[in-house]
Amino acid sequence: MATTEECRAALDKLSDSMRSAEGDVRSAAELDRSVSCHITDLDVTFAGRMADGRIDVRETLEGPPREKAEIRLAMTGDDLVALVGGELNFAKAWGSGRVKLEAGLRDLFRLRKLL
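Per chain, residues are indexed from 1 in the order of the written sequence. Per-residue local features are limited, in this predicted model, to residues with pLDDT of at least 70; the limit for side-chain atom pairs, both in listing and counting, is 80 or more; totals at the level of whole chains, interfaces and linings are taken over all residues. Only hydrogens and water are set aside when side-chain values are computed; all heavy atoms of the structure are taken into account.

In the nomenclature of an unreviewed UniProt entry, the chain corresponds to SCP2 domain-containing protein from the organism Streptomyces thinghirensis.

Description of the pairing of strand 2 (residues 44-51)
Applicable threshold: Buried residues are those whose accessible area, probed at 1.4 Å on protein chains only, stays under 20% of the maximum for their type, while exposed residues exceed 50% and partly exposed ones sit between those limits. By the criteria applied, helices consist of DSSP H or I runs no shorter than four residues and strands consist of E runs no shorter than two, each listed in order from the N terminus. Note on pairing: DSSP must find at least two bridges between two strands before they are called paired.
Taken across its eight residues, strand 2 has six buried, putting it largely inside the fold. Where strand 2 and strand 3 (residues 54-62) come together, eight bridges link them in antiparallel fashion. Across the sheet, residue Met 50 finds its bridge partner in strand 3, namely Ile 55.

Describing helix 3 (residues 77-84)
A turn of α-helix holds 3.6 residues, and therefore any two residues three or four places apart point the same way. Keep this limit in mind: Contact between two residues is taken to exist if any of their heavy atoms lie within 4.5 Å; hydrogens are not considered.
Where burial is concerned, most of helix 3 is hidden: six out of the eight residues are buried. Among all positions in helix 3, only Gly 77, Asp 79, Leu 80, Ala 82, Leu 83 and Val 84 are buried. On the buried face of helix 3, the contacting elements are helix 1 (4-19), strand 1 (33-39), strand 4 (71-75) and helix 4 (90-95). Among the residues trailing helix 3, Gly 86 stands out with phi positive, at a value near 80 degrees.

Thoughts on the packing of aromatic side chains
Counted only if it meets this: Within 6.5 Å between ring centres, the rings of Phe, Tyr and Trp (the latter by its six-membered ring) count as paired, and their orientation is classed by plane angle as stacked under 30 degrees, edge-to-face over 60, tilted in between.
Overall, the coordinates contain one aromatic pair when judged by the stated rule. Centroid distance Phe 90 to Trp 94: 5.7 Å. Interplanar angle 35 degrees. Geometry classified as tilted. Taken together, the positions of Phe 90 and Trp 94, both in helix 4 and four residues apart, correspond to about one turn of that helix.

What follows is the structure, given as structure tokens:
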């Protein structure tokens, strides 16, 4: 089972990848939205903001998100690490329910370029 520190490192790695992206992926990464990522098996939520092509994690909270972020993710720590490491396909994980993504319809269309 992935640790809180490994999950945070995975989010930092994802943020770095977004920052260096180009083209359509870069434009999708430049959304300015509140974001939360609930790690279900650890019952920890990373909350922050996606802006300027990065994810800025501002808080690590115990339990589910306290406020409804504009972009909400939920998954196990192992799935987060596997997604960021390229070992788990996002579309398949989302389709099977292993990963949950909630956002407005317009944001979902832009985010699909990232994922």
